[in-house]
Amino acid sequence: MLQKSDIRVLLAEDDLINAKLLTELLEKKYNVVVTAYDGIEGIEKFKLEEFDVVVSDIEMPRCNGLEMIKEIKKLKPSIFTILQTAYTEASYFIEAINLKVDRFLPKPINAKLLLSYIDEYEEKLKNKKLIEEQQKLLNHYKQVIDDILIVVKTDSDGRIKYVNDKFCETTGYTQNEVIGKTHPEIVSHKKLMKKELFDEMWENIRNLKPHRMIIRNQTKSGSSYWIDSYFYPITDNKNNLFEIMAFSHDITAQIKQQKEKETTFIKENQENVEKAMQICSNQFVKFIPFATIIFENDYKISEFNAEFENIIINDSNIDFYTMLLDKTLKVTDIIKDYEDLFLVDTEVEYVAIDGF
């Protein structure tokens, strides 16, 4: 069984026989067909239901077809109208044209022509709905993109034609401040990035190839931000570069986090090197063939070798050895007894030691 169309038709016809024949014809193809027998009834029924098409005779009692269509178009200007006319009603044509009647159907009615008019409109209606749905979907996609990404559109020379709110929010510039300008006119990239990177980008774009790059940029206030950018060349009908779309993701937080990690890593390495050097110097003391010590700013002996240990062991003051092992023995404690023994090397230009 052939599936009927969802088109809703209002038929206005005062001739009962014609009304019956047309209603039966239309009902074979369309799910909803409502019949009115004069113009007033047609207006009242139109107010009660939603219709896509109105098929009307001109000459009807109480209110003719043109008057009815005039009132109906006030309610729904886009309604598709088909007017049945006879040659004797040619005087109505100018008024019908002024009312923007869509189709004229000569009498006697040609059923095939009537259905073709409605089918033609249904096809246009479907296309219109499809375009509206696609536009709605595109607007939805655009909103999602605008909420997440920085969007910039330029002409083929790089002059800005459009920026979205995300761009203004990130950079601090208004649309009026950047429209018509190139990026180098806003920010001096030469100070921020290598020229070769942009040369490569432009080479790809002019060859109609998309390009991706990470860009260091500057806000209006002069602070740096980083974006991961995708450049897409848009062509005209002759496949010539027409404009460029750039979609960018703000990665400033990730870059700063990475730089903080690198700084921490470098600092830790420096500390480790310093510790290693200190350990090496401390261990080096053990291999010096004569009595050697290392002491800190408070004069306490922190490292010593076996030769120095033997000197302290042989000292008459037993407490010195205990203090040496506890690392509480100071140079100033023993300097009077061993002043001829000392050769002092320091990391500063001058050092004062009490009693020396």
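This text follows the structure it describes.
Model, not experiment: these values are computed from the prediction.

A. Focus on the environment of Tyr 121. Among the structural elements, Tyr 121 can be located in helix H5 (residues 111–148). For the pair Tyr 121 and Asp 102, spaced 19 residues apart in the sequence, the C-alpha separation amounts to 9.6 Å. For Tyr 121, the contacting residues outside a window of four places in its chain are Asp 52, Val 53, Ser 78 and Phe 80.

B. Region of the structure containing the sheet that holds strand S4 (residues 80–85). Strand order in the open sheet made by the 5 strands is S2-S1-S3-S4-S5, with parallel pairing throughout. Each edge of the sheet is formed by a strand with only one pairing partner; in this case those strands are strand S2 (30–36) and strand S5 (103–106). Strand-to-strand, the axes of this sheet are offset by a mean angle of 20 degrees, without reference to chain direction. The pairing of strand S1 (residues 5–12) with S2 spans 6 bridges and is parallel. Opposite Ala 12, over in S2, you have Ala 36 as the bridge partner. In this fold helix H3 (residues 65–75) packs onto S1, strand S3 (53–57) and S4, with an angle of close to 160 degrees to the strand it touches most, S3. Sitting on the sheet, H5 is in contact with S1, S2, S3, S4 and S5, with an inclination near 165 degrees to S5.

C. Spotlight on the packing of helix H2 (residues 39–48) against H3. Contact geometry for H2 and H3: axes closest at 9 Å, N-to-C directions at 15 degrees. It follows that H2 is roughly parallel to H3 by the angle criterion. Once H2 is placed against H3, the crossing between them reads as right-handed. Note on element contacts: H3 touches H2 through Met 68, Glu 71, Ile 72 and Leu 75, opposite Gly 39, Gly 42, Ile 43, Phe 46 and Lys 47. The class makeup of the residues in the contact of H2 with H3 is 5 nonpolar, 2 polar and 2 charged.

The rules we used
Residues numbered from 1 in each chain as written. Predicted model: local features only at pLDDT ≥ 70, side-chain atom pairs only at ≥ 80, totals over all residues. Heavy atoms only, no water. Helix = DSSP H or I, 4+ residues; strand = E, 2+ residues; numbered from the N terminus. Contact = heavy atoms within 4.5 Å. Pairing = 2+ DSSP bridges. Axes fitted to C-alpha atoms, helices over the stretch in contact; angles between N-to-C directions. Parallel < 35°, antiparallel > 145°, perpendicular 65-115°, else oblique. Left-handed = near helix turned anticlockwise from the far one by under 90°. Nonpolar A, V, L, I, M, F, W, Y, C, P; charged D, E, K, R; others polar.

These values are about where atoms sit, not about what they do.
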